[in-house]
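# Reading the structure
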Amino acid sequence: MATPLEMWVEEAARLTKPDQVMYCDGSEAENQRIIAEMLRDADSNALNEKTYPNCYLHRSSPNDVARTEHLTFICAPDKDDVGPTNNWMDPDAAKYKIGALLDGAMRGRTMYVVPYIMGPVNSPISRAGVEVTDSPYVVANMRIMARMGKVALERIGNSRDFVPGLHSLGDLDPTRRYIAHFPEEKLIWSVGSGYGGNALLGKKCFALRIASVMAREQGWMAEHMLILGLEEPDGKVTYMGAAFPSACGKTNLAMMVSALQKQGYRVWTVGDDIAWMKIGDDGFLHAINPEAGFFGVAPGTGMATNQNVMEALHKNTIFTNAAMTTEREPWWEGIGGAPPAGLINWKNELWDSSKGPAAHPNARYTVPAHQSPSISPKWEAPEGVPISAFIFGGRRARVAPLVYEAFDWQHGVFVGATMASETTAAATGNVGIVRRDPMAMLPFCGYNMADYFQHWLEMGKRIPHPPKIFHVNWFRKDADGKFLWPGFGDNVRVLKWILERVEGRGGAQETPIGYVPARNALTLDGLTMRAHAVDELLRVDPEDWEQELVDSKEFFQKFGERLPREIRDEHEKLSGRLQSTARVTR
Ligand code: SAT
Ligand code: MN
């Protein structure tokens, strides 16, 4: 008798009509066949075998280089359940419309069946998925990003306990591109794109959009967060989760080489993008990284900014839309040094400076996580790691200080809900515009965000030892438009203060928005920063914050009556605190 998995695959094959169906076992021999298939297309190259063994460069279609939020849909029967921040389609209408595009889409192609586990193989927090795809590039990436093949087939067995995802490149025409999620069925359909988050369905589609729905139904959390461990001189490790929007430095923070290494502070990587968290028997929230690899932004990544990932990506790595040197090595802006002569750009042309950046600004690497020298010994612990702090953050040239601590959980949820950031190249659209991005989940929450805030508030009541909540901003600029904070490895100085606050030490000063470090509470030795710059970094300007309140109110109004009372209350409380400080200073 056919298993539920086989029945679903048959159904997908009846619709897409591939020439053949191939179940993937995840073995090395199979991987080599799939890579050979990928290399048959002109869009993929093998890189230098000596310096980059088993590494490949793939060039996507120039119209398919980033997530496309305007083509991403949540298909639930009731539009209100999807909320004002998601695109909605009726499930039947979506099946009809997108079904027509998928009908026969795999003719002449192979349908690869990719069973996979999100999370460590034997973790109770992990979940299984099955992606069918007609792209060998997607299969090769999924093998790095998830535990793929036999292990997953064994876990699924005869059960229905997997999230099905149907992906086809279609004809790569953006007018026929849809990324559709069916939260009731826990199903994903994606057609017309071969790019990362649109096509590697385990990542944003499952581990965030569908998983956020499952998490709410089942009382856990699926968040757009890195997970790191900060080791102290005595060897104790404290774990933190941090939510920043795409391309705001989650990977660099999670993999940082600490500027305080000599003093015994070291950072361990558990994950760089997504955290799945459940309340453990010890009363702490326990997090696993559902992914097995890093799909990181290449431009700006070099030995000075992320030494660990640079060391990791010299083998078994797939590069997407990077440039290539005459030595067949990958290259991008910020890798270090001037562009070498004879560079081939991401569009496969001989590059010169008139052609813009040689690598696409959203060029990516896909690298196995265990290859990072910073990988935590606990990164595959089935029970996950206990989280002591949540850190929200974004890119803000103004307003938000370097770091502040929320007064309590409810206030912390408000801090997360009012997060805003300047947009980056990770999604198509304008770059550098401030947009509200609550908990960095705006493009990734699979249901109404008002209900998502409510879920956060409820989790806070249920977690016996909830994480303390902080907000950071590495990107504040001075009047001349220069960054005030050095960032990267020096961010450990902020993590150290957070750790001290978690431990009940750490000097703080109360402001209307929360606690900021007291003068001298940040460890700044070895940094050549002027006292004035530190003051500027920590400054809370009531006028800026008044404006911020107006803006967040406008955002919250979109949710109408559905917005939790507690969020409104926090808004009013902040407004009151700002007014009383203004009176004192006047
Ligand atoms: O493009 S992805 O969605 O895979 C990565 C990101 O935007 O964070
Ligand atoms: Mn991300």
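The paragraphs below set out a description of the structure included in this document.

### What to know about the coordination of the manganese ion (ligand 2)
- On the protein side, the manganese ion (ligand 2) has Lys 204 (NZ), His 224 (NE2) and Asp 273 (OD) as donor atoms, found 2.0 to 2.2 Å from it.
- Written as a sequence motif, the donor residues of the manganese ion (ligand 2) are K-x19-H-x48-D. Here Lys 204, found in helix 8 (residues 202-218), pairs with Asp 273, found in the loop between strand 15 (266-271) and strand 16 (275-279); they are 69 residues apart in sequence, far enough to count as distant. Asp 273 carries the same exposure label as Lys 204, and that label is buried.

### Examining the packing of aromatic side chains
- As enumerated under the stated definition, the model contains 25 aromatic pairs in all.
- When the ring of Phe 453 is compared with that of Phe 559, the centres are 6.0 Å apart and the planes differ by 70°; the resulting orientation is edge-to-face. With a gap of 106 residues between them, Phe 453 in helix 12 (residues 449-462) and Phe 559 in the loop between helix 15 (542-557) and helix 16 (565-585) connect regions that are remote in the sequence. Residues Phe 453 and Phe 559 agree in their burial class; the two are buried.
- Grouped by ring-pair contacts, the aromatic residues Phe 390, Phe 392, Trp 409, Phe 414, Tyr 447, Tyr 452, Phe 453, Trp 456, Phe 555, Phe 556 and Phe 559 constitute a single cluster.
- Above the plane of the ring of Trp 268 lies Arg 266, whose end atom (NZ or CZ) is 4.0 Å from the centre.

### Here we look at helix 14 (residues 531-538)
- Along helix 14, the residues classified as buried are Ala 533, Val 534, Leu 537 and Leu 538. The buried side chains of helix 14 occupy one side of the element, clustering within an arc of 125° when seen end-on.
- Next to the buried residues of helix 14 lie strand 24 (403-405) and strand 29 (514-517).

### Topic: the pattern of salt bridges
- What the rule picks out here adds up to 38 salt bridges.
- Close ionic contact of Lys 95 with Glu 185 constitutes a salt bridge, the shortest N to O distance being 2.6 Å. One end of the pair, Lys 95, is in helix 4 (residues 91-102); the other, Glu 185, is in the loop between strand 10 (178-182) and strand 11 (187-191), with 90 residues separating them in the sequence.
- For Lys 95, a relative accessible area of 26% gives the class partly exposed.
- A salt bridge links Glu 405 to Lys 468, with the shortest nitrogen-to-oxygen separation between them at 3.2 Å. On the criterion of sequence distance, the pair formed by Glu 405 in strand 24 and Lys 468 in strand 27 (residues 468-472) is long-range, its members being 63 residues apart.
- A residue is classified by how much of its surface remains accessible, and Glu 405, at 3% relative accessible area, is buried.
- Using a relative accessible area of 32% as the deciding quantity, one classes Lys 468 as partly exposed.
- Taken together, the shared-partner salt bridges connect Lys 203, Lys 204, Lys 250, Asp 273 and Glu 291 into one network.

Parameters and conventions
Residues numbered from 1 in each chain as written. Chains lettered and ligands numbered in written order. Predicted model: local features only at pLDDT ≥ 70, side-chain atom pairs only at ≥ 80, totals over all residues. Heavy atoms only, no water. Donors = N, O, S within 2.8 Å, 3.2 Å for Na, K, Ca; no water. Helix = DSSP H or I, 4+ residues; strand = E, 2+ residues; numbered from the N terminus. Buried < 20%, exposed > 50% of the residue type's maximum accessible area, 1.4 Å probe, protein only. Phe/Tyr/Trp six-rings, centres within 6.5 Å; stacked < 30°, edge-to-face > 60°. Lys NZ or Arg CZ within 6 Å of the ring centre and 35° of its normal. Arc of directions from axis to C-beta. Contact = heavy atoms within 4.5 Å. Salt bridge = Lys/Arg side-chain N within 4 Å of Asp/Glu carboxyl O.

Purely geometric numbers; function is a separate question.
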